[in-house]
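# Chain and residue survey
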Amino acid sequence: ACRGGSQCHPIGYDRPMARRKSGGATPPAYLEPILLVLAAGALTLFALNALRFAFGPPGAADVAQLNAMALPLGRLLAWIGGAPEAHLVPAPMRTTPLPLLLDWMIWRINPFGLPGLRLAHIVIILAGFSVLLRALAMRMDLRVAALASLVLALSPRFIDVANGLGAAPYGLALFWWQLAIV
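These lines cover the structure that appears in this document, whether it is placed above or below.

### Considerations on the packing of aromatic side chains
As enumerated under the stated definition, the model contains three aromatic pairs in all. Between Phe46 and Phe129, the aromatic rings sit 5.5 Å apart at their centres with planes inclined by 75 degrees, giving edge-to-face as the arrangement. Here Phe46, found in helix H2 (residues 32-54), pairs with Phe129, found in helix H7 (residues 113-139); they are 83 residues apart in sequence, far enough to count as distant. Since its relative accessible area comes to 0%, Phe46 is described here as buried. Overall, Phe129 belongs to the buried group, its relative accessible area being 0%. An angle of 35 degrees between the planes, with centres 5.2 Å apart, marks the rings of Phe129 and Trp176 as tilted. Within this pair, whereas Phe129 is found in helix H7, its partner Trp176 is found in helix H10 (residues 168-181), the two being separated by 47 residues in sequence. On the basis of relative accessible area, Trp176 is assigned to the buried category, the value being 2%. Chaining the aromatic ring pairs together yields one cluster made of Phe46, Phe129, Phe158 and Trp176.

### Focus: the packing of helix H6 (residues 97-109) against H7
A pair of packed helices is characterised by two quantities: the angle between their axes and the separation of those axes. One can describe the packing of H6 onto H7 by two numbers: an axis separation of 9 Å at closest approach and a directional angle of 125 degrees. When the axis of H6 is compared with that of H7, the two are oblique. Crossing of H6 against H7: the hand is right-handed. For the pair H6 and H7, the contacting residues are Asp103, Ile106 and Trp107 in the first and Gly113, Leu114, Leu117, Ala120 and His121 in the second. Here the contact of H6 with H7 is built from residues that sort into five nonpolar, two polar and one charged.

Rules behind the numbers
Residues numbered from 1 in each chain as written. Predicted model: local features only at pLDDT ≥ 70, side-chain atom pairs only at ≥ 80, totals over all residues. Heavy atoms only, no water. Phe/Tyr/Trp six-rings, centres within 6.5 Å; stacked < 30°, edge-to-face > 60°. Helix = DSSP H or I, 4+ residues; strand = E, 2+ residues; numbered from the N terminus. Buried < 20%, exposed > 50% of the residue type's maximum accessible area, 1.4 Å probe, protein only. Axes fitted to C-alpha atoms, helices over the stretch in contact; angles between N-to-C directions. Parallel < 35°, antiparallel > 145°, perpendicular 65-115°, else oblique. Left-handed = near helix turned anticlockwise from the far one by under 90°. Contact = heavy atoms within 4.5 Å. Nonpolar A, V, L, I, M, F, W, Y, C, P; charged D, E, K, R; others polar.

Below is the structure:
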């Protein structure tokens, strides 16, 4: 007769031990301020690295996006719907409609042009980044959140996405928000 524990399961899985208590583990009291400063520093480092590239010229892939955002709303919606534009490739090949419309609105609102649009993307990604780190700190541990903040902040791929136009910044922020929900 099995009385519980890993000897009852054929592969040694002990179900009561596998469950985590709500809230995660607590780091030692002296370590908590250090980890908070480390996570905040990683967010700041990410923002500064992204801002360093925000004021550069647009890339070749960004030109079509900028041309589309320069259209009036009626022509933009028609182009998204499939109407041809002389200086743009067909819409389904290069764009997703919702990020393009959000970028169009930001482009019309902000007075700073391309750097302002990139700054808005950086803010959106930082919001997703901070939500993910908060979820990691709550569900896992503050140490895990601090380590994840360093890994994500030092990744050049994420900095490149933060300065890109189109769907990539929105997709990354949404991915981090969804990961925080899980």
